[in-house]
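Fold and geometry: a report
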Amino acid sequence: MTYLDFRSDFLSRPCARMAETMGEAALSPGAFGLRDDPWQQRLEARAAELLGKEDALLFPTCTMANLAAMIAWTRPGDTVLGDATNHLATSEAGGHAAVAGVEYRGLAGEYGMSALAEWRAAGAPPTDAQRSSVRLFALETTHNRGGGNAIGGTYVAAVAEVARQAGAHLHLDGSRLFNAAVALGEVPARLAAEASSVAVSLNKGLRAPSGAMLAGPRDFIGEALRIRQRLGGGMRPVSMIASAGLVALENWGEVGADHETAARLREGCRGLPGLMPVDPPVPTNIVLLRLAPRWGGPEAFCQRLSREGVIAIPFGADLVRFVTYRDITHSAVDQALQALAHLANTHERQDDE
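Here's what I pulled together on the structure shown here. (Residues numbered from 1 in each chain as written. Predicted model: local features only at pLDDT ≥ 70, side-chain atom pairs only at ≥ 80, totals over all residues. Heavy atoms only, no water.)

1. Some points on the overall build of the protein
The secondary structure content of the protein amounts to 14 helices and 13 strands. On C-alpha atoms alone, the protein measures out to a radius of gyration of 21 Å, which is about the 20 Å that the 2.2 N^0.38 rule sets for 353 residues. Dimensions of the protein along its principal axes, counting C-alpha atoms only, are 65 × 60 × 35 Å. Here the protein, with 353 residues, has 54% of them falling under the buried criterion. A fraction of 73% describes how many contacts in the protein between residues 6 or more apart in sequence connect residues 24 or more apart. (Helix = DSSP H or I, 4+ residues; strand = E, 2+ residues; numbered from the N terminus. Rg over C-alpha atoms; globule rule 2.2 N^0.38 Å. Buried < 20%, exposed > 50% of the residue type's maximum accessible area, 1.4 Å probe, protein only. Contact = heavy atoms within 4.5 Å.)

2. Some words on the sheet that holds strand 2 (residues 55-59)
Pairing in this open sheet of seven strands is mixed, and the strands run 2-8-7-6-5-3-4 from one edge to the other. Both outer strands of the open sheet, strand 2 and strand 4 (103-107), are each paired with one neighbouring strand and no more. Each adjacent strand pair in this sheet contributes to an overall mean axis angle of 20 degrees, direction not counted. Sitting on the sheet, helix 2 (residues 38-51) is in contact with strand 2, strand 7 (197-201) and strand 8 (212-216), with an inclination near 125 degrees to strand 2. Helix 6 (residues 116-123) rests against strand 3 (79-83), strand 4 and strand 5 (134-140) of the sheet, and its axis sits at about 155 degrees to strand 5. (Pairing = 2+ DSSP bridges. Axes fitted to C-alpha atoms, helices over the stretch in contact; angles between N-to-C directions.)

3. Some thoughts on the nonpolar core
If you look at the biggest cluster of nonpolar residues, it comprises 56 residues, and the most contacted ones within it are W119 and F137. If we ignore the near neighbours within four places in the chain, the residues touching W119 are L81, G82, D83, L107, S114, F137, A138, L139, Y155, V159 and V162. Grouped together as the second largest cluster of nonpolar side chains are 28 residues, L289, L291, V320 and F322 included. (Core = buried A, V, L, I, M, F, W, Y, C linked by side-chain atoms within 4.5 Å.)

4. Overview of helix 13 (residues 298-307)
Restricting attention to buried positions, one finds in helix 13 the residues P298, F301, C302 and L305. End-on view of helix 13: buried residues confined to an arc of 95 degrees, all on one side of the axis. Trailing helix 13 by a residue or two, G309 shows a phi angle of about 90 degrees, which is positive. (Arc of directions from axis to C-beta.)

5. Considering the packing of aromatic side chains
Scanning all chains against the criterion turns up five aromatic pairs. With a centroid separation of 4.5 Å and an interplanar angle of 10 degrees, the aromatic rings of W73 and F220 are classed as stacked. On the criterion of sequence distance, the pair formed by W73 in helix 3 (residues 62-73) and F220 in helix 10 (residues 218-230) is long-range, its members being 147 residues apart. For the pair W73 and F220, a shared accessibility class is recorded, and that class is buried. (Phe/Tyr/Trp six-rings, centres within 6.5 Å; stacked < 30°, edge-to-face > 60°.)

6. Some details on the environment of V287
On the secondary structure map, V287 appears in strand 10 (residues 286-291). Overall, V287 belongs to the buried group, its relative accessible area being 0%. For the pair V287 and A262, spaced 25 residues apart in sequence, the C-alpha separation works out to 6.3 Å. Here V287 is in contact with A262, L265, R266, V320, R321 and F322, once residues within four sequence places are set aside.

7. Some remarks on the sheet that holds strand 9 (residues 275-277)
What the four strands build is an open sheet, ordered 9-10-13-12; its pairing is antiparallel. Of all the strands in the sheet, just strand 9 and strand 12 (313-314) have a single pairing partner and so form its edges. By the bridge criterion, three bridges tie strand 9 to strand 10 in an arrangement that is antiparallel. The residue bridging L275 from the neighbouring strand is L291, located in strand 10. Those strands touched by helix 12 (residues 256-268) are strand 9, strand 10 and strand 13 (319-323), and its axis lies near 15 degrees from that of strand 10. Of the strands in this sheet, strand 9, strand 10, strand 12 and strand 13 are in contact with helix 13, which crosses strand 13 at around 45 degrees.

What follows is the structure, given as structure tokens:
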């Protein structure tokens, strides 16, 4: 059986120009130093420019870039403050505690956004020596567990100001920052302007095979270079990865096509028995479906759906996640909707019996 795979946009295949450029880079002379490769230098300069920061550094993954930022901005025993469902807190294997040695304190909120009063109260300097200091605030846009909600630059700036008043920095986990920029009609640098540092993925909707960027002040990136090496992320040779990233950044606006297919999927699920699409304030390329209890949970639902030729992932107690990318065409969405409708209607008839 041929499957339609909606598990993640990191499954997106490189475009023809990216593959051609990677081949060219593979034949170019190698470089010895950690930042000597000319492809890497061009990529880092372009990323810094797009994100409005002094400097940028190539990482193997956005998870490592986030971890490096936490290590650079904090000391062991400090606290990182952010939404309780941020990727840093839920999906990075506890790196903040195990490696950075910091506590992550989660705030309540909706779609990745907590009230500013909550940030102020939780980030206030401790009144006694029994409490650790909050040294870093963290935001995620788009917000994965918030249904791909794109968080705008105005909110980022407001949280950054609260962080400054608290004597802390703000790190922006922008794994899908370019999706957020397209959805909000803002340039990437505007979204990241007030954040002390920002990390972005190159291998999701941007279609590079791997890689992520961390951007911020020049001295911060200098420290991040040392941290990256300590974490085992000093890749060499790096020309093929960097060249693919360069092409990815040339075409970042194309992720808007993935928002269209996600909207087609989201709207097509409305009215299907036992399935309720989640509607984030600013949707992008992630679709969450909330399941009625009669499905028996997300794992059981995904198993049944896979037998219909569609793969998605369980995403919590009653949620299933679909992610669209360039290989998911309108036709593929229509096929998935047919499978979902067949599954939902069949399940409803069985319940009635």
